[in-house]
Amino acid sequence: MDISTATILMVGAIFALLVTGLPLAFITGLVAMAFTFGWFGEAALPLVTSRVYGFITEYSLVAVPMFVLMASLLDRSGIAKDLFNAMRVFAGRLPGGVAVQTIVVAFFLAALSGIIGGEIVLLGILALPQMLRLGYDKRLSIGVVCAGGALGTMMPPSIVLIIYGLIASVSIADLFAAAVTPAVILMGSYIAYVLVRCLKNPSLGPPLDKNTQDNPFATKLDAVKAIVLPGLIAFLVLGTIYGGIASVTEAAAMGVFGVLLATIVRGEFTPGMLHHSLGQTMNTCGMIIWIGIGAAALVGVYNLMGGNRFVSSLILGLDVAPIVIILVMMAIMLVLGLFLDWIGIAMLALPIFLPIIIQLGFDPIWFGILFAVNMQVSFLSPPFGPAAFYLKSVAPPDISLKDIYLSVLPFMAIQLCVLAALLKWPQLAIWPL
């Protein structure tokens, strides 16, 4: 059997097993073992396991449970709720103001945690019912919550960027620095879209009047006080990284300490809260590690079979401009995003694509930002976009999955436009480096 036939069989086996509903970690592990024994025999097993060992002993992985724990503690505290209420003072009576405030709060939450699922649930509980009560268009409200929650894939401290940095062996601090401008562009694009639509048709996002302005923060000074605490936590994490004071892993631990201290100061800390947060952290990190183990084994055996050389020669042999190859990679990951979650795509596609990127002379930091934006699209895209299922779990019963999928389409178009802009002007990402 030649490598081209083996590649087709391997991809076919993965998608066939996905239909069965097995977890991706088990699928990749099973396929990896089948091809290891079928192609090499048991003698190759130590080579594959050594690749797995290299993945799970990466020091950068220590930052992942810290950031997940920080996000979990934030989910159970009142910090996000106070932040949301405080932003209503500044949104004022602007048409679409509550939707704009939701996007800004989502940006702040992304800068605090880097976890996307928790943001969707939080915004679905805090913002969506309020927008619907105020007469906001249902689809606009849903789209804002889902797209705002997806900012966690881009805004540091993004778990997506940490895993990318681990796979690409590039500086995570540089990735964080490069991601800020594209994240701000995305947030600004969402806000511009909401404002344009609501100014043209105020019925989509009715401005608040004195009867509907039931904000517990009566003055801007009170609202500023509510913003200070999350701002300090974000500065504790990102400021120490950008200032060269702490590594990403050390900053993650400082972030956990900051959130714990904040919950104690606010009188919200309980042993039960810590227990549930630690349990959620274990579940999330266990999923990431197991998918990583399966994918590392699969990519390891595929490279031993000569798959990396096969794919590299196949792509580099195309008589097209290098940027077209980047476009092909983006298209492949967009298609994978219809069926796989981001961690599976990262573990399976990046080890094959990154050597080609480097050989073509492109900056892997820039490609990492493209990957993060691409994963934002996959987070929203039907039929398996995680955002829809996160929101559905807390949305009112009359909101269906179809409503959610239709609502996110304009925001997916915005994400694709930002992706195109980053392809056209790489300096939008890499200028701080």
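This write-up is about the structure you can find in this document. These numbers were taken from a predicted model, which means no experiment stands behind them.

The rules behind these values
Residues numbered from 1 in each chain as written. Predicted model: local features only at pLDDT ≥ 70, side-chain atom pairs only at ≥ 80, totals over all residues. Heavy atoms only, no water. Axes fitted to C-alpha atoms, helices over the stretch in contact; angles between N-to-C directions. Helix = DSSP H or I, 4+ residues; strand = E, 2+ residues; numbered from the N terminus. Parallel < 35°, antiparallel > 145°, perpendicular 65-115°, else oblique. Contact = heavy atoms within 4.5 Å. Nonpolar A, V, L, I, M, F, W, Y, C, P; charged D, E, K, R; others polar. Salt bridge = Lys/Arg side-chain N within 4 Å of Asp/Glu carboxyl O. Buried < 20%, exposed > 50% of the residue type's maximum accessible area, 1.4 Å probe, protein only. Phe/Tyr/Trp six-rings, centres within 6.5 Å; stacked < 30°, edge-to-face > 60°. Core = buried A, V, L, I, M, F, W, Y, C linked by side-chain atoms within 4.5 Å. Expected span 1.5 Å × (residues − 1). Arc of directions from axis to C-beta.

What about the packing of helix 16 (residues 322-336) against helix 17 (residues 342-359)?
Running from N to C, helix 16 and helix 17 cross one another at 175°; their axes reach a closest spacing of 11 Å. Judged by the angle between their axes, helix 16 and helix 17 are roughly antiparallel. In this structure, helix 16 contributes Ile326, Met329, Ile332, Met333 and Leu336 to the contact, and helix 17 contributes Ile345, Ala349, Phe353, Ile356 and Ile357. Tallied by class, the residues present in the contact of helix 16 with helix 17 amount to ten nonpolar, no polar and no charged.

So, the pattern of salt bridges
With the rule as written, the count across this model stands at two salt bridges. Ionic pairing is found between lysine 138 and aspartate 403, a salt bridge with its closest N-O pair at 3.4 Å. Here the residue lysine 138 occupies a position in helix 9 (residues 138-149), and aspartate 403 occupies one in helix 20 (residues 401-424), the gap between them amounting to 265 residues. Residue lysine 138 is classed as partly exposed on the basis of its relative accessible area of 30%.

Looking at the packing of aromatic side chains
Per the counting criterion, the structure on display carries five aromatic pairs. Ring geometry for tyrosine 193 versus phenylalanine 411: centroids 5.2 Å apart, planes at 80°, classification edge-to-face. Of this pair, tyrosine 193 sits in helix 11 (residues 172-200) while phenylalanine 411 sits in helix 20; the two residues are 218 residues apart in sequence, bridging distant segments of the chain. Where phenylalanine 362 meets tryptophan 366, the ring centres are 5.5 Å apart and the plane angle is 40°; that geometry is what we call tilted. Residue tryptophan 366 is classed as buried on the basis of its relative accessible area, which comes to 3%. Taken together, the aromatic side chains of Tyr190, Tyr193 and Phe411 make up a single cluster linked through ring pairs.

Observations regarding the nonpolar core
For soluble globular proteins, nonpolar side chains are generally found buried alongside one another. One finds Ile163, Phe367 and Leu380 to be the most contacted residues of the largest nonpolar core, which totals 155 residues. The biggest single contributor to this core is helix 17, with 13 residues. Leaving out residues up to four positions away in the same chain, phenylalanine 367 has contacts with Tyr164, Ile326, Met329, Met330, Met333, Leu350, Phe353, Leu354 and Ile357.

Considering helix 3 (residues 45-56)
End to end, helix 3 covers 17 Å across twelve residues, agreeing with the expected 16 Å (1.5 Å per residue, within 8%). Taken as a whole, helix 3 has its buried residues at Val48, Val52 and Phe55. Taken around the axis of helix 3, the buried residues stretch over an arc of 55°, which confines them to a single face. Turned more than 90 degrees away from the buried face of helix 3 sit Pro46, Leu47 and Tyr53, all of them exposed.

What to know about unusual backbone geometry
Cis geometry marks the peptide bond from proline 156 to proline 157, where omega comes out at 5°. As for its placement among the helices and strands, proline 157 is situated in the loop between helix 9 and helix 10 (159-168). Of note in the backbone geometry, serine 169 takes a positive phi value of approximately 55° without being a glycine. Looking at where serine 169 falls in the secondary structure, it is placed in the loop between helix 10 and helix 11. Note on serine 169: relative accessible area 66%, which makes it exposed.

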